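The residues making up each chain are set out below.
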Amino acid sequence: MTIRHFANVDRDKMFQKNMQILPDYVRRQIEPIDRSDVWNHVDIIYSPEGLPICKIKQGESFLSMNSSDPLQQAKHWSKQLSLENIRTLFIYGCGFGYPLFELLEQFHKDNVFVVFEPNIPIFVAMLHYFDVAPLLRTQRFVFFLGNYEDFSESFVSIISTLDLVFFMIPSIVYTPNSRIFKREYQQMQKQIFARIQLQVFLFGNDHYDALLGFHNTIENSREIVANPYISSLQGKYKDVPVFIIANGPSLDRHLQDIKNIEGRGLVFCCESAIVSLLKNHIKPDAIFVLERTPQNYQNYFASIEYPDDISLFAYVGADPRIFKKFPGERIPIFRAENNSLFINQFLGDGTGFYAGTSVAHMALEVAVYMGANPVVLVGQDLAYGPDGDTHSKQSFYADPSQKEIVEKIKAEPAVYLQSNDGALIRSNQTWYQFKLVFEQMIKHMAANVINTTEKGARIEGTTYDSLPNVIKNYVKNPVVRLDALLKEEKKALDLVMRKSRLNNLTEELKKYILAYRALSQTAWQRKVLCERLLDDAEVGISLDAQMLYQQYESNAKEILQFMSPRLHAIYFQPLVVYGLYKIYALGPLRSMATLVKALEIQYEVFDYIQFICESLVRNFQIAAEKLTDF
């Protein structure tokens, strides 16, 4: 590593130059910092060769982040790494730059270096002494500064794209002397990996599940056309308390309190909690449904007769029998994702919700959209009850027929979380993911979200209060009945105009049928190219490595085309991520052997893509015929 003599560098110019080329999300973190205060936390001395050595203040003393010979220390550190076998390296601590520049010396275009530096003054000081342009020009160095909470938004933004694969199989290393912050790094790493795991979960279900949602949405087209859009309720319940009733074990203790809300706040019931409410003669204002599976209809609608003054808020992809059987007012809810948005632009008004991974997430989002404040979580335990219960004792899950499902839930790996009363409580991975989604959503909400489950999992961003206290403080004035408001909105609908939009959707589906036929042919052609090269490799024909890599890169670009917003990426997304993950697990593609394996995986991906395209052709034809019959 070649480094100039730093004693005479204009530190301010160096800093300003670096600031201009840093990514926006990093620059935004640094700009508010008082740079003069940085030097109260960081001290710089020089080695005999004139190289800067960073010392960081710890209490009343300063600890050195570098040895007296920082170059030699960094060289020795880097030689212990086997970068030829590493794709992504998580680096804890910037090491005041020296280790990063040594990594640059070994850099391969397939490497990604993700640097986590919790001590922002160290990083800011480094920008005064090192020109980081050589690192950033590679586009393979990614920086996250501060604690996880400080960079979480930027981190989530990055891993919410296909860049997620760069974070899924990391190797981990501490820069020299950074182990003095080991405890901080371990806490950060726990949060980082939990968020990566959640993002993998959010990237989609299997092909059948996605198609089930599509066909349900087509079946529900008449309901979408015949009922008000959710946008008709935007802001209509400003500062009204809304209580979201979930089916956790603590619900049983709150049932009598919930009765005191009627008429002076809105009660939103997550579908699985409805059995407990109705058994106790509690009539919610609305029941929410997110799942698309037939079990939801069988469990909560097939044999239950609902009063007609309860309203239904259901995902457009829910089982169509739910909408057909429900006697009250209905609001079909679109999700803000590719497949739902596609139909939304033809039958809806463009309003779509993230909706999260549980029905309570959707209810929370809708409540805030309607202007509610506070939003109160009831029965949202996200943890096992004191006696190991998974749900309310009066719910559907208490039925002996559900024993197998309950046992399956209990068999999930245990996760221990902090409760609202400060204790450590047992949860599982699914509920932990629900908690993470709540926290991500609440971070961007202006409403006050109150959690009333004392012994439930603490959800960051919420405040805890007992349900009786919340009712006493917020449930005061009568509110407009939800069903009455929806009846008025329904009277104003232009049904003739709405029904005409079904024809537009039918024509669009026909266009996509042609497109997916062509794309199926493209995938087949790519399979043939891969197959020829793989056959040559198998029989020992000498292949040119550069030609092979060019074919690999050409295939990779073609695969990414199937993530285009012009297509229905929901069907291709899990497959593409899976394929990229398998290729990434091979490590850097430095040898013929790994290139051949990468081509084998690409062949497999194109094979699946061809299958998906052919499936979409068939299923879009069925959908177009259904719409024509309407």
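Residues numbered from 1 in each chain as written. Predicted model: local features only at pLDDT ≥ 70, side-chain atom pairs only at ≥ 80, totals over all residues. Heavy atoms only, no water.

Asker: Sorry, what's going on with unusual backbone geometry here?
Answerer: Excluding glycine, a negative phi dihedral is what most residues carry, and trans is how most peptide bonds are arranged. Cis geometry marks the peptide bond from Asn 373 to Pro 374, where omega comes out at 0 degrees. Relative to the helices and strands, Pro 374 is located in the loop between helix H17 (359–369) and strand S13 (375–378). The backbone of Ala 355 shows a phi angle near 70 degrees, a positive value even though the residue is not glycine. Inspection of the secondary structure puts Ala 355 in the loop between helix H16 (338–347) and H17. The phi dihedral of Leu 382 is positive, around 55 degrees, even though this residue is not glycine. Looking at the secondary structure, you find Leu 382 in the loop between S13 and helix H18 (403–410). (Helix = DSSP H or I, 4+ residues; strand = E, 2+ residues; numbered from the N terminus.)

Asker: I'm lost on the packing of helix H12 (residues 251–258) against helix H20 (residues 467–474) in this one. Help?
Answerer: Geometry of a packed helix pair, given as the angle between the helix axes and the separation of the axes. Packing of H12 against H20 leaves a shortest axis separation of 10 Å and a crossing angle of 25 degrees. Taken together, the axis directions place H12 and H20 in an arrangement best described as roughly parallel. Once H12 is placed against H20, the crossing between them reads as right-handed. Along the contact surface, H12 presents His 254, Asp 257 and Ile 258, while H20 presents Leu 467, Pro 468 and Ile 471. Considered class by class, the residues forming the contact of H12 with H20 number four nonpolar, one polar and one charged. (Axes fitted to C-alpha atoms, helices over the stretch in contact; angles between N-to-C directions. Parallel < 35°, antiparallel > 145°, perpendicular 65-115°, else oblique. Left-handed = near helix turned anticlockwise from the far one by under 90°. Contact = heavy atoms within 4.5 Å. Nonpolar A, V, L, I, M, F, W, Y, C, P; charged D, E, K, R; others polar.)

Asker: Help me understand the sheet that holds strand S9 (residues 266–270) in this model?
Answerer: Paired through backbone hydrogen bonds, the strands of a sheet run either parallel or antiparallel to each other. Strand order in this open sheet of eight strands is S12-S11-S10-S9-S8-S13-S16-S17, and the pairing throughout is parallel. Taken across any chain shown, the strands that pair with only one partner, and hence form the sheet edges, are strand S12 (330–333) and strand S17 (463–464). Bridge count for strand S8 (residues 242–245) against S9 is four bridges, and the pairing is parallel. The residue of S9 that forms the bridge with Val 242 is Leu 266. (Pairing = 2+ DSSP bridges.)

Asker: I would appreciate a short explanation of the side chain of Arg 87 in the present structure.
Answerer: One can find Arg 87 in the loop between helix H4 (70–79) and strand S4 (88–92). Look at Arg 87: it is buried, it has no salt bridge, and the nearest opposite charge is Asp 110 at 4.3 Å. Ignoring sequence-local partners within four residues, the contact set of Arg 87 consists of Asp 110, Asn 111, Val 112, Tyr 552, Ile 583, Tyr 584, Gly 587, Pro 588 and Leu 589. (Buried < 20%, exposed > 50% of the residue type's maximum accessible area, 1.4 Å probe, protein only. Lys, Arg positive; Asp, Glu negative; His and termini not counted. Salt bridge = Lys/Arg side-chain N within 4 Å of Asp/Glu carboxyl O.)

Asker: Looking at this structure, I do not really get the sheet that holds strand S7 (residues 170–174). What am I missing?
Answerer: Judged by pairing direction, the sheet is parallel, and its four strands sit side by side in the order S6-S5-S4-S7 without closing on themselves. Each edge of the sheet is formed by a strand with only one pairing partner; in this case those strands are strand S6 (141–145) and S7. Direction aside, neighbouring strands of the sheet carry axes that sit 20 degrees apart on average. In the sheet, S4 pairs with strand S5 (residues 112–117) via five bridges, with the strands oriented parallel.

Asker: What's the story with the pairing of S13 in this structure? I'm lost.
Answerer: Regular strands place side chains that alternate from one sheet face to the opposite one. Burial along S13 is two-sided: the face carrying Val 375 and Leu 377 and the face carrying Val 376 and Val 378 are both buried. Relative to S13, S8 runs parallel, the two sharing four bridges. Bridge pairing in S13 places Phe 243 opposite Val 376. Pairing geometry for S13 and strand S16 (residues 449–451), over three bridges, is parallel.

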